[in-house]
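# What the coordinates show
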Amino acid sequence: MQEAIQKGFKLSMADSKILKEGINAISELIIEANLKIKPQGLEIVSMDPANVSMVIFRVNGATFTEYKVSEEQTIGLNISNLKQLFRRFKADDILSMELKEGKLQIASVGSVAKTFKLPLVELEEKEQKVPELKFPVSVTLPSALLIDAVEDAGIVAESVSFAAEPQKFCMSAQGDLSDANIEILKGENIRIEIEGDGKITSKYSVEYLKKMISGAKLSDTAIIQFGKDYPLKLQFKSENVSLAFILAPRVDND
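Summary of the structure given here. Per chain, the residues get numbers from 1 upward, laid out in the order the sequence is written. Predicted model: local features are reported for residues with pLDDT of at least 70 only, side-chain atom pairs are reported and counted for 80 or more only, and whole-chain, interface and lining totals are derived from all residues. Neither water nor hydrogens contribute to the side-chain values; these are computed over all heavy atoms in the structure.

## Focus on the layout of surface pockets
Put simply, the test is: The pocket and cavity definitions rest on a 1 Å grid over protein atoms only: a 1.4 Å probe that fits but cannot leave marks a cavity, an open set with protein on both sides within 12 Å along at least five of seven lines marks a pocket, and residues lining either have an atom within 4 Å of a point. Grid points are joined across faces, edges and corners, and a volume is the space filled by probe spheres set on the points. A run of DSSP states H or I qualifies as a helix once it reaches four residues; a run of E qualifies as a strand once it reaches two. Both are numbered from the N-terminal end. In this classification, Asp, Glu, Lys and Arg are treated as charged, Ala, Val, Leu, Ile, Met, Phe, Trp, Tyr, Cys and Pro as nonpolar, and every other residue, Gly included, as polar.
Roughly 530 Å³ of volume is contained in the largest pocket. Contributing to the lining of the largest pocket are 22 residues, with Asn34, Val45, Ser46, Lys126 and Gln128 lying nearest its centre. Secondary structure elements with two or more residues in the lining of the largest pocket: strand 2 (32-38) and strand 3 (41-47). Its residues placed into classes, the lining of the largest pocket shows eight nonpolar, five polar and nine charged.

## Things to note about the sheet that holds strand 9 (residues 115-119)
Put simply, the test is: The rule for pairing is simple: two strands pair if DSSP sees at least two bridges between them. Comment: axis = line fitted to C-alpha atoms, over the contacting stretch for helices; angle = value between 0 and 180 degrees taken between N-to-C directions. It only takes one pair of heavy atoms within 4.5 Å for two residues to be counted as in contact.
Within the open sheet, the five strands sit side by side as 5-1-7-8-9. Their pairing is antiparallel. Of all the strands in the sheet, the pair left with one neighbour each is strand 5 (66-69) and strand 9. With strand direction ignored, the average angle separating the axes of adjacent strands in the sheet is 20°. Judged from the four bridges that link them, strand 1 (residues 9-13) and strand 7 (residues 94-100) form a sheet pairing that is antiparallel. Across the sheet, the residue bridging to Lys10 is Glu98, located in strand 7. Taken strand by strand, helix 3 (residues 79-86) contacts strand 7, strand 8 (103-109) and strand 9, and its axis lies near 175° from that of strand 9.

## Concerning the packing of aromatic side chains
Threshold: Two rings from Phe, Tyr or Trp (for Trp, the six-membered ring) form a pair when their centres are within 6.5 Å of each other. A pair whose planes differ by under 30 degrees is stacked, one over 60 is edge-to-face, and the rest are tilted. Exposure categories follow from relative accessible area, calculated using a 1.4 Å probe and restricted to protein chains: below 20% of the type maximum is buried, above 50% is exposed, and the middle band is partly exposed.
Here the structure, examined in full by the defined rule, presents seven aromatic pairs. Taking 5.6 Å as the distance between ring centres and 80° as the angle between the ring planes, the aromatic pair formed by Phe89 and Phe116 counts as edge-to-face. With Phe89 in the loop between helix 3 and strand 7 and Phe116 in strand 9, this residue pair connects regions lying 27 residues apart in the sequence. Their ring planes at 50° and their centres at 6.2 Å tell us that Phe169 and Phe226 sit as a pair that is tilted. A residue pair is termed long-range when its members are at least 10 positions apart, and Phe169 in strand 12 (residues 168-174) and Phe226 in strand 16 (residues 221-226) qualify at 57 residues. The same class applies to Phe169 and to Phe226, which are both buried. One aromatic cluster in this structure is built from Phe162, Phe169, Tyr204 and Phe226.

## Digging into the side chain of Asp93
Stated formally: The charge count includes Lys and Arg as positive and Asp and Glu as negative, but it does not include His or the ends of the chains. The working definition used for a salt bridge is a side-chain nitrogen of Lys or Arg within 4 Å of a carboxyl oxygen of Asp or Glu. Polar contact is the term for a pair of N or O atoms within 3.5 Å; when the atoms are in protein, one must be able to donate a hydrogen and the other to accept it, and sequence-neighboring residues count only if both atoms are side-chain atoms.
For Asp93, the location among the structural elements is in the loop between helix 3 and strand 7. Of the side chains with opposite charge, Lys114 comes closest to the buried, unpaired Asp93, at an N-O distance of 5.8 Å. Only 2.8 Å separates the side chain of Asp93 from the backbone nitrogen of Lys90, close enough to count as a polar contact. Dropping the residues within four chain positions of it, Asp93 is found in contact with Met13, Ala14, Ser16 and Ser108.

Right, here's the structure in full:
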C-alpha cells in the first residue's frame, strides 16, 4: 500500500455522473474493493461476499479531462463510503482525485468547492480474474425494457427464467399463486444472436438482477449473454465506460 501512495496519480473529470452512477451500482453488491489505476484507465473487478456475482467496472482514461498515471497501482476502498461521498457532488461538478497523506482526496471545482478525504482499506492484493466464458446467446435490448421485465418478474417470484429462440427472448417467473411471462420479439431495437435453432433456457435470482439493473443509468442499451444452466453476463457500456456483471445460475434442487 505504501508503494501505491508513493507513486501517486492525479485525475480530473468534468462529468461526474459516470463515476457516481457506476459506484452506486457496484455498491449494491460490493462492500469493499480494490481500485486499479492503470495508465489506460480505472478498473474494479470484484466478487460479492456470497461469491454469487462478479462486478467488472472499467473507465477509459480518455473520459477524464486530466489523467496523470505514471504506472499501474492499486488502492483499497470502502465502496459504500465512496458512494455516500459521491452523492454530495452534483452531476456537472468537475471532480479531481489524488492521494493525499495516505488517503484518497476527492475535490470539486466550481462555485462551491468541496474536499473529502477517504481512508484507504487494506485488502488482499490477490488479483480477481474475469472467467473466460463462451455464451451461446446474446441479446441486446433497451435498458428500460429489461428493467420493466425484471420488476414484473419480481412481483411473483424470487427467480426468473431466461429463454432465447432465434426470433424472440422470453422472461418468465412462477410463484405459488401467480405467473409472469414477458415475450420480447426480435426487431430494430432488439437483437438476438443464438447458436443453433433450438431454445436455450436458464434461471437467475431476481434479487441480484434488481441490483444489477441499477447500472442502466450508464447506458440506454443492455447486453445479456447466457447459456443453458450457465452464468449470465449483463453489460451496460458506452464509448469509454463499461459496467458488467456476471451472475451464477439458479439451480433448483429436485
